[in-house]
Amino acid sequence: MIETPRVDGPRLTGRGAARRTELFEELTALLIAEGFAQLTLDDLAARLRCSKRTLYGLAGSKEQLVRAAVVHFFRRATVRVEAALAAETDPARRLAAYLRAVAGELSPVSARFFDDVAAFDPAAEVYERNTRAAARRVQELIDEGVADGAFREVHVAFAADVITSVMVRIQQRQVAAATGLADADAYAHLAELLLHGLAR
């Protein structure tokens, strides 16, 4: 996961910024719980108890609003995942903490949200970008563990390629289709496989 550029989010400065921030958090929570393909702007305004004009103050269209919410979700998740990582010093525990934190961030998210993201190119691009950034982060953590002697010697580029492939398959909903696993559960299983495979 990686923090995406600030330009992707809503403009939350000036008068009413606190209320717009609160509204955007409510919007993001609604979308990750229920998805967004079936919701119109009228639906969103009714559910959030605001006017459509207020929503247009966050973004110029439903599509832009959805993309901004997806960016916000991953940005917020990245901060928390990196905080969990920073709390560990042992390389094996750092890798475990990272993948389990990713799983923890994804666990409240509905399958419908992930299905809708996969079907909506601007949101899918955000998820893919974050997935590839997470894969790079995992490769860094494996490198760190091998250099420290906590992990056995492995071909790091190959391991990273395998991990990236699995993470992209999770992001593209292929793992869910093949196994029935939710994205969070798939990350948790990936963490276990990696830790057992890398252990000395």
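Above this text sits the structure in question.
Report on the accompanying structure. (Residues numbered from 1 in each chain as written. Predicted model: local features only at pLDDT ≥ 70, side-chain atom pairs only at ≥ 80, totals over all residues. Heavy atoms only, no water.)

## As for the side chain of Thr 78
Then, number 1: You can see Thr 78 is positioned in helix α4 (residues 62-86).
Then, number 2: Here Thr 78 falls in the buried class, since its relative accessible area comes to 6%.
Then, number 3: Within the structure, the side chain of Thr 78 is placed 2.8 Å from the backbone oxygen of Phe 74, a separation counted as a polar contact. (Helix = DSSP H or I, 4+ residues; strand = E, 2+ residues; numbered from the N terminus. Buried < 20%, exposed > 50% of the residue type's maximum accessible area, 1.4 Å probe, protein only. Polar contact = N/O pair within 3.5 Å; in protein donor to acceptor, adjacent residues only side chain to side chain.)

## Overview of the packing of α4 against helix α7 (residues 121-148)
Geometrically, a packed helix pair is captured by the angle between its two axes and the distance between the axes.
Then, number 1: Two elements in contact, α4 and α7, have axes whose closest approach is 9 Å; the angle formed by their N-to-C orientations is 15°. Taken as axis vectors, α4 and α7 run roughly parallel relative to one another. Between α4 and α7 the crossing geometry is right-handed. Residues Arg 67, Val 70, Val 71, Phe 74, Thr 78, Glu 82 and Leu 85 of α4 pack against Pro 122, Ala 123, Glu 125, Val 126, Tyr 127, Arg 129, Asn 130, Arg 137 and Leu 141 of α7. (Axes fitted to C-alpha atoms, helices over the stretch in contact; angles between N-to-C directions. Parallel < 35°, antiparallel > 145°, perpendicular 65-115°, else oblique. Left-handed = near helix turned anticlockwise from the far one by under 90°. Contact = heavy atoms within 4.5 Å.)

## As for the environment of Ala 134
Then, number 1: Within the secondary structure layout, Ala 134 lies in helix α7.
Then, number 2: Overall, the relative accessible area of 2% leaves Ala 134 in the buried class.
Then, number 3: Along the chain, Ala 134 and Met 167 lie 33 residues apart, while their C-alpha atoms are 8.4 Å from each other.

## Focus on the layout of surface pockets
Then, number 1: Considering only enclosed or pocket space, the largest pocket measures out at about 310 Å³ in volume.
Then, number 2: The wall of the largest pocket is formed by 16 residues, among which Val 162, Ile 163, Val 166, Leu 190 and Leu 193 lie closest to the centre.
Then, number 3: Of all the elements in the fold, those that place two or more residues in the lining of the largest pocket are α8 (156-171), α9 (174-179) and α10 (183-198).
Then, number 4: Per element, the largest residue contribution to the lining of the largest pocket is 7 residues, and it comes from α8.
Then, number 5: Across the lining of the largest pocket, the residue classes tally to 13 nonpolar, 2 polar and 1 charged. (1 Å grid on protein atoms, 1.4 Å probe; cavity = no way out; pocket = protein on both sides within 12 Å on 5 of 7 lines; lining within 4 Å. Points joined across faces, edges and corners; volume = space filled by probe spheres on them. Nonpolar A, V, L, I, M, F, W, Y, C, P; charged D, E, K, R; others polar.)

## Notes on the environment of Gly 149
Then, number 1: Within the element layout of this structure, Gly 149 appears in the loop between α7 and α8.
Then, number 2: With a relative accessible area of 32%, Gly 149 lands in the partly exposed category.
Then, number 3: A sequence separation of 92 residues divides Gly 149 from Gly 57, and the C-alpha atoms of the two residues are 53 Å apart.

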